[in-house]
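Read off the chains here:
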Amino acid sequence: LNSCKETYDEYNAIISVKLLSDTTIPVPASYVRIEKYDIRVDGTTDENGEFKHTFNQEMILDVIAVVDAVVSPTGTELTGETTLRLKANKTVRQSVFVN
């Protein structure tokens, strides 16, 4: 049997921001930007140091995380970068280590 419903792939991303000096420590309230060309998503990590977003196509994106000095465990601004590759109907987890 065929269905009239169209199915759409989902491309889920979970970005975890952690300290480079101790990779077991998540950093809540971190600014996260996911971007490439004309695609840009901004957000803030939750109390577990995670930012979640769903995209509508497969792509490779740049991820930048910034921890403001006010919320930083070290009292200084911390930054980190990584790359994220999305896969259809999968949740991709990527850590960004800030220093």
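Criteria and thresholds
Counting restarts for each chain: residues are numbered from 1 in the order of the written sequence. Given that this is a predicted model, residues contribute local features only at a pLDDT of at least 70 and side-chain atom pairs are listed and counted only at 80 or more, while totals for whole chains, interfaces and linings are drawn from all residues. Remark: hydrogens and water are excluded; side-chain values derive from all non-hydrogen atoms of the structure. Put simply, DSSP H or I for four residues or longer makes a helix, DSSP E for two residues or longer makes a strand, and each gets a number counted from the N terminus. Per-residue accessibility, obtained with a 1.4 Å probe over protein chains only, is compared with the maximum for each type, and a residue is labelled buried under 20%, exposed over 50%, and partly exposed between these values. Note on contacts: a residue pair qualifies if any of its non-hydrogen atoms lie within 4.5 Å across the two residues. Computed by Shrake-Rupley with a 1.4 Å probe, the accessible areas treat only the displayed protein chains as cover when residues are assessed. His is not counted, nor are the chain ends; Lys and Arg add positive charge and Asp and Glu add negative charge. The location of each charge is read from NZ of Lys, CZ of Arg, CG of Asp or CD of Glu. To define a nonpolar core, start from buried Ala, Val, Leu, Ile, Met, Phe, Trp, Tyr and Cys residues and group those joined through side-chain atoms within 4.5 Å. Each aromatic pair joins two rings of Phe, Tyr and Trp (for Trp, the six-membered one) with centres within 6.5 Å, and gets the label stacked for planes under 30 degrees apart, edge-to-face for over 60, and tilted for any other angle. Counted as over-ring charges are cases with an Arg CZ or a Lys NZ within 6 Å of the ring centre that also lie within 35 degrees of the ring normal. Between any two strands, at least two bridges found by DSSP are needed for them to pair. All axes are obtained by fitting lines to C-alpha atoms, using only the stretch in contact for helices, and the reported angles, taken between N-to-C directions, cover 0 to 180 degrees.

Caption draft 1: The arrangement of the overall build of the protein chain in detail. Per the secondary structure count, the protein chain includes 0 helices and 7 strands. Listing each helix as α and each strand as β along the protein chain from the N terminus yields β-β-β-β-β-β-β. By principal-axis analysis of the C-alpha atoms, the protein chain measures approximately 60 × 25 × 20 Å. When burial is assessed residue by residue, the protein chain has 35% of its 99 residues classed as buried. In the protein chain, the share of contacts with a sequence separation of at least 24, taken over all contacts with a separation of at least 6, comes to 52%. Carbon and sulfur atoms make up 46% of the accessible area of the protein chain, which totals about 6,500 Å². A distance of 6 Å separates the average location of the 10 positive side-chain charges in the protein chain from that of its 15 negative side-chain charges.

Caption draft 2: Fine view of the nonpolar core. With 22 residues, the main nonpolar core has Ile-15, Ile-34, Phe-55, Leu-86 and Val-98 as its most contacted residues. Elements that contribute at least two residues to this core include exactly strand E1 (11-19), strand E2 (31-36), strand E4 (50-55), strand E5 (60-67), strand E6 (78-85) and strand E7 (90-98). Broken down by element, this core gets its largest block of residues, 5 residues, from E1.

Caption draft 3: Representation of the packing of aromatic side chains in the model. All chains considered together, the criterion is met by 0 aromatic pairs. Directly above the ring of Tyr-37 sits Lys-36, whose terminal nitrogen or CZ lies 5.9 Å from the centroid.

Caption draft 4: A look at the sheet that holds E2. Taking strand neighbours across the sheet as the criterion, the 4 strands line up as E3-E2-E5-E6 in an open arrangement whose pairing is antiparallel. With partners counted over all chains shown, the strands left at the sheet margins are strand E3 (39-44) and E6, one partner each. Across the sheet, the mean angle from the axis of one strand to that of its neighbour is 15°, orientation sign disregarded. Looking at chain direction, E2 and E5 are connected through 5 bridges and run antiparallel. Directly across from Glu-35, in E5, lies its bridge partner Asp-62.

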